[in-house]
Amino acid sequence: MKVFASHRLPGNGLETLAQHCDLRVWPREEPVPNAELIHSLSDCDGFICLLTNRVNRDLLTHCPRLRFVSSMSVGVDHVDVPALTARGIPLGNTPGVLVDTTAELALALILAAARRIPEADRFVRAGNWRPELPWRPDMMVGKDLAGATLGLVGLGAIGQAVAHRAQAFGMRVIAWNRTAKDVAGVRNVSLSELLETSDVVSVHVALTEATRNLIDANAIAAMKPGAILVNTARGGIVDEAALADALKDQRLFSAGVDVFETEPVEMDSPLLALENVVVAPHIGSATERTRARMADLAVANALAALEGKPMPHCVNPEVYSA
Ligand code: GLV
């Protein structure tokens, strides 16, 4: 069977996979051009992709032999899952292994945004901390986390991992989830109560049609003045233009943004012009250990599919009962 991988993966999982199929790996750092992708997949049984590969109906029309897709990601908003399911194609993803790592990044952004860390770093490097303007009571003052309320939009595994860490910082934690969840020390509230009462709002829902633009201009306007917004989930959930306006007016204190509607973020994004925004290039799962584990799961899903077995982590397991 033929399998195409759109990028090299960490570790030696792809070497193992190559012993079980005719594997072609896109060798370059730059993304595989669309025409090349279509050509490569035209006679492939399997596709190992990244979250940067759009697996949509158009692509699928060029993949007559496709029998499985394995994405090295937990999020699958880059894939048209109903289209795969309609063709009986299982989609694998990599849940679980990136929970702690992503929660750590959320906390890092919360701390960085609350204590203005990147701004302080820029301040020192620019030579603004000088003898005639030394330490002073109002220099670079931020917000305390202890005693503040953290509102989690989404209380899945990552939201819960953020809750535990925030509790260790002395934060009160409230959460909104589509179905309320019983998590120690976390009070379930409506989204409007969360927005109105949280000092920090952190987003942890998957991007779906139901959550697209969930934190829209009205939601941002409903946030507590002086609050902080952090998004480590997906761009497309938060209205970036409305967020930038609220930050520019200093109605919101600051924001930490790891994920953008368009990635890589365009350099003329209004968010990039603001001192009170901490940005990162979608690095929620970016640690050596976690990326290796994600690669291992992506390969395990592919190996199972090659052997005609159910994938260990399948987004659309209904394909197996059809
Ligand atoms: C990262 O964003 C992922 O979905 O794995």
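*Asks:* Outline the environment of L59, supporting the account with residue identities and numerical values.
*Replies:* As for its position among the elements, L59 is in helix α3 (residues 57-61). Along the sequence, L59 and T94 sit 35 residues apart, while their C-alpha atoms lie 22 Å from each other. Once you skip the residues sitting within four places of it in the chain, L59 turns out to touch L37, I38, L41, F47 and R54.

*Asks:* I'd like to hear about the layout of surface pockets, residue by residue, with values.
*Replies:* In this structure, the second largest pocket encloses a volume near 250 Å³. Contributing to the lining of the second largest pocket are 18 residues, with R116, E119, Q250, F253 and N276 lying nearest its centre. Taken together, the elements giving at least two residues each to the lining of the second largest pocket come down to α5 (99-115), α6 (117-125), α10 (240-248), β11 (254-257) and β12 (277-279). Looking at the lining of the second largest pocket element by element, the count peaks at 3 residues for α6.

*Asks:* Explain the sheet that holds strand β3 (residues 46-49) to me, and be specific about the residues and the numbers.
*Replies:* Here we have 5 strands laid out as an open sheet, ordered β2-β1-β3-β4-β5, and parallel in their pairing. The sheet is open, and its two edges are formed by β2 (22-25) and β5 (91-92), each paired on a single side. For strand β1 (residues 2-5) and β2, the ladder comprises 4 bridges, and the chain directions are parallel. Bridging across to β2, A5 finds its partner in V25. Here helix α11 (residues 288-306) sits on the sheet and contacts β1, β3, β4 (68-71) and β5; the angle it forms with β4, its principal contact strand, is near 170°.

*Asks:* How would you summarise the side chain of T211 if you had to cite specific residues and measurements?
*Replies:* Along the chain, T211 falls in the loop between β9 (200-203) and α9 (217-222). Side-chain polar atoms of T211 contact the backbone nitrogen of T208, separated by 2.8 Å. Setting aside residues up to four positions removed in sequence, T211 forms contacts with V205, A206, G236 and I237.

*Asks:* Describe empty space enclosed by the protein, and please don't skip the residues or the numbers.
*Replies:* Evaluation of the coordinates by the stated rule reveals 1 cavity of 30 Å³ or more. One number sums up the size of the largest cavity: a volume of about 40 Å³. Lining the largest cavity are N231, G235, G236, V238, E240, L243, V257 and V259.

*Asks:* If you had to explain the site of the ligand to someone new, which residues and values would you point to?
*Replies:* Close to the ligand lie L51, S73, V74, G75, L98, R234, H282 and M294, which account for all nearby residues. Computed on the free molecule, the ligand has an accessible area of 190 Å², of which 90% lies beneath the protein chains in the complex. Its residues assigned to classes, the shell around the ligand shows 4 nonpolar, 3 polar and 1 charged.

*Asks:* I'd like a rundown of the packing of aromatic side chains, residues and numbers included.
*Replies:* Counted under the stated rule, the structure contains 1 aromatic pair. On the numbers, 6.2 Å between centres and 25° between planes, the contact of F4 with F47 is stacked. You can see F4 sitting in strand β1 and its partner F47 sitting in strand β3, a full 43 residues away along the chain. Cation over ring: K143 sits above F253, and NZ or CZ is 5.0 Å from the ring centre.

Parameters and conventions
Residues numbered from 1 in each chain as written. Predicted model: local features only at pLDDT ≥ 70, side-chain atom pairs only at ≥ 80, totals over all residues. Heavy atoms only, no water. Helix = DSSP H or I, 4+ residues; strand = E, 2+ residues; numbered from the N terminus. Contact = heavy atoms within 4.5 Å. 1 Å grid on protein atoms, 1.4 Å probe; cavity = no way out; pocket = protein on both sides within 12 Å on 5 of 7 lines; lining within 4 Å. Points joined across faces, edges and corners; volume = space filled by probe spheres on them. Pairing = 2+ DSSP bridges. Axes fitted to C-alpha atoms, helices over the stretch in contact; angles between N-to-C directions. Polar contact = N/O pair within 3.5 Å; in protein donor to acceptor, adjacent residues only side chain to side chain. Near = heavy atom within 4 Å. Areas by Shrake-Rupley, 256 points an atom, 1.4 Å probe, with all protein chains shown as cover. Nonpolar A, V, L, I, M, F, W, Y, C, P; charged D, E, K, R; others polar. Phe/Tyr/Trp six-rings, centres within 6.5 Å; stacked < 30°, edge-to-face > 60°. Lys NZ or Arg CZ within 6 Å of the ring centre and 35° of its normal.

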